[in-house]
Amino acid sequence: MDVPDDATAAGGMEYPTLITSEVGSLGSGYRWLAYITAHEIGHQWWPMQTSTNEAAAPWLDEGLTEYTGIRYMADSPRGWGSGDAVAFEQSLYAAQASEPATLPAWQYINGAYVVVYSKTALGLWTLEGVAGTDRFRHAMASYLTQYRFKHPNSADFRAALEGELGDLAWLFDDYMSASGVIDYAIAQIEQSDVASTVRVVRKGAVRVPIDILVTFSSGAQQQQIWDGQATSLELKFPAGNPVVRAEVDPKRKLKAELNRLDNRIGTWHFMLPILRLGA
Ligand SMILES: [Zn+2]
């Protein structure tokens, strides 16, 4: 339902089998109407079917719904339009990144409540990247099937996802319920006569598993997964085929990582062909 132009505050609300959106004051280039509509339709599952407590656990309501809406926008044929769905959600999250996302609604003050939406959406999107889309969707469907109309709480949601995907302490303890952020970096590539050493560091408190991609001077590449439990990791390779480039999270699975500038280092060996071409 499209609300009257002088009722913009009502233009984005969910009811069982009914949603409102608002055409009047919204710019057409921003895909705002599609985003609001996707979000409100998402509510027909969370919480209309799960029947969670919106005040005690708003993240099971608005957070799951925000993930659903923004994820739809990222995959929809017309996309987000100008800009990027991930960047939009990250901009909401960035201002309040140290707030826990799982508090009762009444414990948030001022604008901090936005993390219930954005931090949850980016956390679930990160889990999708780590677990793989099929496994993640299967786990979410399993939660819905198991708890439909049964008023699940936060512990029930965690149990349902961990039952499908294994231990998720990084998501629920390090990230969702705490002030930690996801932040990894390549600190250094060091060459010696005997070895080529890549040093990877975990700068954030969230210990999410991460992909590391290393490129050698021969052009060959090697990818491995680090569990991120320690604060740093050293990878050593034979000096004969030195590492010329190293990157964490090359496929950008970790949607909740805000600082990506330090995710990649290339040595001068890597830059040389580019310099020769004058590019
Ligand atoms: Zn909502």
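Residues numbered from 1 in each chain as written. Predicted model: local features only at pLDDT ≥ 70, side-chain atom pairs only at ≥ 80, totals over all residues. Heavy atoms only, no water.

**With respect to the pairing of strand β4 (residues 195-202)**
Regular strands place side chains that alternate from one sheet face to the opposite one.
So, point 1. The buried count for β4 comes to 7 of 8 residues, which makes it a mostly enclosed element.
So, point 2. Bridge count between strand β3 (residues 184-191) and β4: 7 bridges; the pairing is antiparallel. Looking across to β4, one finds that Q191 is bridged to S196.
So, point 3. In sequence, β3 turns back onto β4 through a hairpin of 3 residues.
So, point 4. Inspection of the sheet shows β4 paired to strand β7 (residues 232-238) by 7 bridges, in the antiparallel sense. Among the inter-strand pairings, T197 is bridged to a residue of β7, identified as K236. (Buried < 20%, exposed > 50% of the residue type's maximum accessible area, 1.4 Å probe, protein only. Helix = DSSP H or I, 4+ residues; strand = E, 2+ residues; numbered from the N terminus. Pairing = 2+ DSSP bridges.)

**Quick word on the packing of helix α5 (residues 133-147) against helix α6 (residues 154-165)**
So, point 1. Their axes nearest at 9 Å, the elements α5 and α6 cross at an angle of 135 degrees. With respect to each other, α5 and α6 are oriented oblique. The two elements α5 and α6 meet at a crossing, and its hand is right-handed. Touching R135, H138, A139, M140, S142, Y143, Q146 and Y147 of α5 are D156, F157, A160, L161, E164 and L165, all from α6.
So, point 2. Taken together, the residues of the contact of α5 with α6 sort by class into 8 nonpolar, 3 polar and 3 charged. (Axes fitted to C-alpha atoms, helices over the stretch in contact; angles between N-to-C directions. Parallel < 35°, antiparallel > 145°, perpendicular 65-115°, else oblique. Left-handed = near helix turned anticlockwise from the far one by under 90°. Contact = heavy atoms within 4.5 Å. Nonpolar A, V, L, I, M, F, W, Y, C, P; charged D, E, K, R; others polar.)

**What to know about the coordination of the zinc ion**
So, point 1. Protein coordination at the zinc ion: the donors are H39 (NE2), H43 (NE2) and E62 (OE), at 2.0 Å from the metal.
So, point 2. Each donor residue of the zinc ion lies on the same chain, and together they follow the pattern H-x3-H-x18-E. Of this pair, H39 sits in helix α1 (residues 32-42) while E62 sits in helix α2 (residues 62-75), placing them 23 residues apart in sequence.
So, point 3. You can call E62 buried: its relative accessible area is 9%. (Donors = N, O, S within 2.8 Å, 3.2 Å for Na, K, Ca; no water.)

**Considerations on the nonpolar core**
Generally speaking, soluble globular proteins have nonpolar side chains that are buried together.
So, point 1. Membership of the largest hydrophobic core comes to 63 residues, with the highest contact counts inside it found for L127, Y143, F157, L161, Y175 and V198.
So, point 2. By residue number, the principal contributor to this core is helix α4 (residues 114-131), which donates 8 residues.
So, point 3. Look past the residues within four positions of Y143 in its chain and what remains in contact with it is W46, T50, T52, L60, L64, P152, F157, A160 and L161. (Core = buried A, V, L, I, M, F, W, Y, C linked by side-chain atoms within 4.5 Å.)

**Considering the sheet that holds β7**
Think of a sheet as strands paired side by side through backbone hydrogen bonds, with each pair either parallel or antiparallel.
So, point 1. If you walk across this open sheet you meet the 3 strands as β3-β4-β7, and the pairing is antiparallel. The sheet is open, and its two borders are formed by β3 and β7, each paired with just one other strand. Strand-to-strand twist of the sheet, defined as the mean angle between neighbouring strand axes without regard to direction, takes the value 15 degrees.

**What about helix α3 (residues 85-94)?**
So, point 1. Every buried residue of α3 is accounted for by A85, V86, F88, E89, Q90 and Y93.
So, point 2. Summarising the contacts, the buried residues of α3 are in contact with α1, α2, α4 and α7 (169-176).

**Quick look at the packing of α1 against α2**
So, point 1. It is the contact of α1 with α2, at a shortest axis distance of 8 Å, that shows an interaxial angle of 135 degrees. With respect to each other, α1 and α2 are oriented oblique. When you trace α1 past α2, the crossing you get is right-handed. Judged by residue contacts, A34, Y35, A38, H39 and G42 of α1 engage E62, T65, E66, T68, G69, I70, Y72 and M73 from α2.

**Description of the pattern of salt bridges**
So, point 1. Here the structure, examined in full by the defined rule, presents 10 salt bridges.
So, point 2. Close ionic contact of R71 with E128 constitutes a salt bridge, the shortest N to O distance being 2.7 Å. On the criterion of sequence distance, the pair formed by R71 in helix α2 and E128 in helix α4 is long-range, its members being 57 residues apart. An identical accessibility class is assigned to R71 and E128; each is buried.
So, point 3. One salt bridge in this structure joins K253 and D211, with 2.7 Å as the shortest N-O distance. Note that K253 is positioned in the loop between β8 (243-248) and β9 (264-266) and D211 in strand β5 (residues 210-216), a separation of 42 residues in sequence.
So, point 4. The partly exposed category is assigned to K253, whose relative accessible area is 25%.
So, point 5. Looking at D211, the relative accessible area reads 7%, which means it is buried. (Salt bridge = Lys/Arg side-chain N within 4 Å of Asp/Glu carboxyl O.)

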